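Coordinate analysis (summary)
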Amino acid sequence: MEPVTPFDDASGPDFGPADPSGPPPLSMEERAGVLDDLAELEVFRTLLEPTGIKGIVVDCPDCDEEHHVDWALMQANLQQLLEEGQTGRHEPPFDPDPDDYVSWDYASGYADGVAAAAAQDEPSGQHGPAGRHARED
């Protein structure tokens, strides 16, 4: 038997049976939601990364802890969800500074604020839709 490394998948006899069929494919609605999330994430990163924000903080329902996920890893997770119907386990950053991460809601509100400010600065006086980044769920 080969030694187990931290990069091994947590499936098999010690962790329960592996499901060879994999997760069911995402529905069209779920795929659309993930694509929307990817687009929003890119907006958030473009706006917030230059201010020193390193990524998104996510409340994990499995362990009741916050996970600090950098921009690239969050993008990779969403891309993997889109392609495979699930995300794999990833190593969180070591000892992250919580001030370097924001919630999805904060990032969405920030993007809405930037969009509203830009709309007010337009010479035509026409305003775009308010709250276009706000989630309706």
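A quick note: this is a predicted structure, and the numbers were derived from the prediction, not measured. (Residues numbered from 1 in each chain as written. Predicted model: local features only at pLDDT ≥ 70, side-chain atom pairs only at ≥ 80, totals over all residues. Heavy atoms only, no water.)

Here we take up helix H2 (residues 71-84). Here H2 spans 20 Å end to end across 14 residues, near enough to the 20 Å set by a 1.5 Å rise per residue. Looking at H2, one finds that the buried residues are Trp 71, Leu 73, Met 74, Asn 77, Leu 78, Gln 80 and Leu 82. Where H2 is buried, its residues meet helix H1 (28-48), strand S1 (55-60) and strand S2 (65-70). Of the residues flanking the start of H2, the one acting as N-cap is Asp 70, its side-chain oxygen 3.2 Å from the backbone nitrogen of Ala 72. A positive backbone phi angle near 80 degrees is found at Gly 85, which sits one or two residues after H2. (Helix = DSSP H or I, 4+ residues; strand = E, 2+ residues; numbered from the N terminus. Expected span 1.5 Å × (residues − 1). Buried < 20%, exposed > 50% of the residue type's maximum accessible area, 1.4 Å probe, protein only. Contact = heavy atoms within 4.5 Å. Polar contact = N/O pair within 3.5 Å; in protein donor to acceptor, adjacent residues only side chain to side chain.)

Negative charge collects at one region of the surface, where Asp 59, Asp 62, Asp 64, Glu 65 and Glu 66 lie side by side. With respect to the secondary-structure elements, Asp 62 resides in the loop between S1 and S2. (Patch = residues over 30% accessible without salt bridge, like charges linked within 9 Å, V, L, I, M, F, W, Y side chains within 5 Å. Areas by Shrake-Rupley, 256 points an atom, 1.4 Å probe, with all protein chains shown as cover. Salt bridge = Lys/Arg side-chain N within 4 Å of Asp/Glu carboxyl O. Lys, Arg positive; Asp, Glu negative; His and termini not counted. Charge placed at Lys NZ, Arg CZ, Asp CG, Glu CD.)

Note: S1 against S2, 6 bridges, orientation antiparallel. Within S2, the residue paired with Val 58 across the bridge is His 67. Here S1 hands over to S2 after 4 residues, with Asp 64 in that stretch at a positive phi of 55 degrees. (Pairing = 2+ DSSP bridges.)

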